[in-house]
Amino acid sequence: MRDGVVAHQFDDLEQQNEADRLGMWVFLITEVLFFGGMFTAYIEYRTIHPQAFSIASHHLDYWMGTINTALLLVSSMTMALAVHGAQRGKRWISALFLFCTIVLGLGFLGVKFWEYAKHINEGLVPGRGFKYMGPYAREVELFMSFYFLMTGMHALHMTIGVCVVTVMLLLTLAGKITRVYHSPIVIAGLYWHFVDIVWIFLYPCFYLIGGPK
Amino acid sequence: MISRRVVILNGIVLLILLAATAAFARVDLGVWNTPIAMAIAVAKAVLVILFFMEVKVSPKLIWLTAAMGFFWLAILALGVWTDVMTRVAIFPR
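Asks: I'd like to hear about the overall build of chain A, residue by residue, with values.
Replies: Helices and strands together make up the secondary structure of chain A, namely six helices and zero strands. Seen in sequence order, chain A has helices and strands lined up from the N terminus as α-α-α-α-α-α. Structurally, chain A occupies a C-alpha span of about 65 × 30 × 30 Å along its principal axes. Relative to its full complement of 213 residues, chain A shows a buried share of 40%. Sequence separation of at least 24 residues holds for 75% of the intrachain contacts in chain A that already meet a minimum separation of 6.

Asks: Account for the overall build of chain B, naming residues and giving values.
Replies: For chain B, the helix and strand inventory stands at three helices and zero strands. Its helices and strands in sequence order give chain B the pattern α-α-α, from N to C terminus. Based on the C-alpha atoms only, the size of chain B along its principal axes is roughly 55 × 40 × 10 Å. Counting every position in chain B, which comprises 93 residues, the buried fraction comes to 26%. Once local pairs closer than 6 in sequence are excluded, the contacts in chain B between residues at least 24 apart make up 45%.

Asks: Account for helix H6 (residues 183–208) of chain A, with residues named and values stated.
Replies: All names here are of chain A. In this model, H6 (26 residues) spans 37 Å end to end at C-alpha, consistent with the 38 Å of a helix rising 1.5 Å per residue. At Leu202, H6 shows its maximal kink, close to 30°; a proline, Pro204, follows between one and four residues later. Counting buried positions along H6 gives 23 out of 26 residues, so the element sits mostly inside the fold.

Asks: I'd like to hear about unusual backbone geometry, residue by residue, with values.
Replies: A positive phi angle, near 55°, is found at Tyr136 of chain A, a position not held by glycine. Secondary-structure assignment places Tyr136 of chain A in the loop between helix H4 (91–121) and helix H5 (137–173). According to the C-beta neighbour criterion, Tyr136 of chain A is partly exposed, with 17 such atoms within 10 Å. Its identity is not glycine, yet Glu54 of chain B carries a phi of approximately 60°, on the positive side. In this fold, Glu54 of chain B is placed in the loop between helix H2 (33–52) and helix H3 (60–85). Since 22 C-beta atoms lie within 10 Å of it, Glu54 of chain B is described here as buried.

Asks: Mind laying out the nonpolar core, listing which residues take part and the relevant values?
Replies: Of all hydrophobic cores here, the largest spans 75 residues; its most connected members are Ala82, Leu98, Phe143, Val165, Val198 and Leu202 of chain A. Where this core is concerned, the elements lending two or more residues are helix H1 (13–48), helix H2 (50–57), helix H3 (62–87), H4, H5 and H6 of chain A together with helix H1 (4–25) and H2 of chain B. It is H6 of chain A that provides the largest number of residues to this core, a total of 19 residues. Leaving out residues up to four positions away in the same chain, Val198 of chain A has contacts with Phe35 and His154 of chain A.

Asks: Outline the domain arrangement of chain B, listing residues and values.
Replies: Residues and elements named next belong to chain B. Assigned domains of chain B: these are domain 1 (1–57) and domain 2 (58–93). Centre-to-centre separation of domain 1 and domain 2, based on C-alpha positions: 22 Å. Between domain 1 and domain 2, the residue contacts involve four residues of the former and four residues of the latter. Looking at side-chain class alone, the side of domain 1 that touches domain 2 contains three nonpolar, no polar and one charged residues.

Asks: Which residues make up the interface of chain A and chain B, and what values go with them?
Replies: Counting from both sides, the interface comprises 37 residues of chain A and, opposite them, 40 residues of chain B. Contributing elements (two or more residues each) for the side of chain A that touches chain B: H1, H3 and H6 of chain A. With 15 residues, the single largest contributor to the side of chain A that touches chain B is H1 of chain A. For the side of chain A that touches chain B, the residue count by class is 22 nonpolar, eleven polar and four charged.

About the thresholds
Residues numbered from 1 in each chain as written. Chains lettered and ligands numbered in written order. Predicted model: local features only at pLDDT ≥ 70, side-chain atom pairs only at ≥ 80, totals over all residues. Helix = DSSP H or I, 4+ residues; strand = E, 2+ residues; numbered from the N terminus. Buried ≥ 20, exposed ≤ 12 C-beta atoms within 10 Å, placed from the backbone. Contact = placed C-beta atoms within 7 Å. Expected span 1.5 Å × (residues − 1). Bend = angle between axes of the 7 residues up to and from the residue. Core = buried A, V, L, I, M, F, W, Y, C linked by C-beta atoms within 7 Å. Domains from an automatic or database assignment. Nonpolar A, V, L, I, M, F, W, Y, C, P; charged D, E, K, R; others polar.

As structure tokens, then:
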């Protein structure tokens, strides 16, 4: 390690930072295709059963979905501000915004699990627990399968994201993230924003497609 | 580096777009409800990618890498779409 920051295979810090970002973006491509596969399947079945998916969408809580979207968008902003603070060597500002990001992320997960509990009580979990007897029951069950699979995968990513941001907060407080070396927090930010983008598409796909009741 | 002002402004614009998409969903626009919701989602995603993920000020290699992910996804989606839409058993002629 040259200067304690630049690994020996890199010419300088700029080259190392660019390689770090590029590596994260390559990983994010795999994530785009991971979620993209599920979105593709969802869109096909929605095309085949438009009415049933519209009815099923009305069983989700519009307001909870909207509040959660707002929480995630604001958390993305606080994450970007944390990265900005780290890049300028403002340790405490960066730490403050990282903390805000964690709180907002936990708020999102709290609302999500409250929603899951509601669906379980209403008998909307596909499988033996599925109690819905209205029109298009099988198709509504298919919609709910997509809902639990895709939002569940997203919630898993959120949980990982909260853990990663917590580690970034600890590193920042320990003085390991500096104006010169802030690559980890930039990488963590890219991941957080990606998870936000996934939700940006999940929100209309599941909560809004039904139109007004 | 994207300035702090732009980051905050971007956050505000995103929340305005959220309010717009939530409001449009409460109005019956017939077949237009879904395209409008998806168009706003794409706009929000582009804003997050350009300003929060700092692609706007990143080297061309990052631009290319970010675009490739969505390009491959488009190939996947269009391939499956073509298959499903041309199945007579699902959509009789």
